[in-house]
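One letter stands for each residue in the lines below.
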Amino acid sequence: MKQYWSLYENATTFWLNIAQSSLDTHTTLTHRLPMIAGLTPAPSQEMDRMVTEKVKAVSQGMMDASWMLGSEMMKAAFDQPTMTSFAKASLAIAEAGMAPGQRTVKSNAKRLSKSKRS
């Protein structure tokens, strides 16, 4: 039963992180869409950043997810895997792959919101 509740906590954290990323994405898009549409002036560094940070986050996410996949496969090779451990492994791999993008969008939301206020 303890494994089930641990899985429940992991899944809840996973979905809370996705919800937070959705809010951060909304905040970031609210600041960037007028720049893209040409309604407000955009510094050239911000336009470059829009592209390069996504490529970096996706590349890092793919690498992190593949490292986590290898780690979970090694655990499964040496331990007796259960359905709960497979579910936890799936969540861990997904979290590893999404974490760089989530960190990027969170930092963008904070940075763009701060610059708008000042």
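Structural data are supplied above this passage.
Residues numbered from 1 in each chain as written. Predicted model: local features only at pLDDT ≥ 70, side-chain atom pairs only at ≥ 80, totals over all residues. Heavy atoms only, no water.

A. Summary view of the environment of Leu91. Among the secondary structure elements, Leu91 is positioned in helix 3 (residues 83-117). Note: C-alpha distance between Leu91 and Ser66 (25 residues apart in sequence) is 13 Å. With sequence-adjacent residues up to four places away left out, Leu91 is seen in contact with Leu7, Asn10, Ala11 and Phe14. (Helix = DSSP H or I, 4+ residues; strand = E, 2+ residues; numbered from the N terminus. Contact = heavy atoms within 4.5 Å.)

B. Region of interest: the side chain of Ser113. Within the fold, Ser113 resides in helix 3. You can call Ser113 buried: its relative accessible area is 17%. A polar atom in the side chain of Ser113 sits 2.8 Å from the backbone oxygen of Ala109. Contact partners of Ser113, with chain neighbours within four places excluded, come to Thr27 and His31. (Buried < 20%, exposed > 50% of the residue type's maximum accessible area, 1.4 Å probe, protein only. Polar contact = N/O pair within 3.5 Å; in protein donor to acceptor, adjacent residues only side chain to side chain.)

C. Molecular detail of the packing of aromatic side chains. Counted under the stated rule, the structure contains two aromatic pairs. Where Phe14 meets Trp15, the ring centres are 5.3 Å apart and the plane angle is 85°; that geometry is what we call edge-to-face. Residue classification places Phe14 among the buried residues on the basis of a relative accessible area of 10%. (Phe/Tyr/Trp six-rings, centres within 6.5 Å; stacked < 30°, edge-to-face > 60°.)

Limitation: the analysis is restricted to geometry and does not speak to function.
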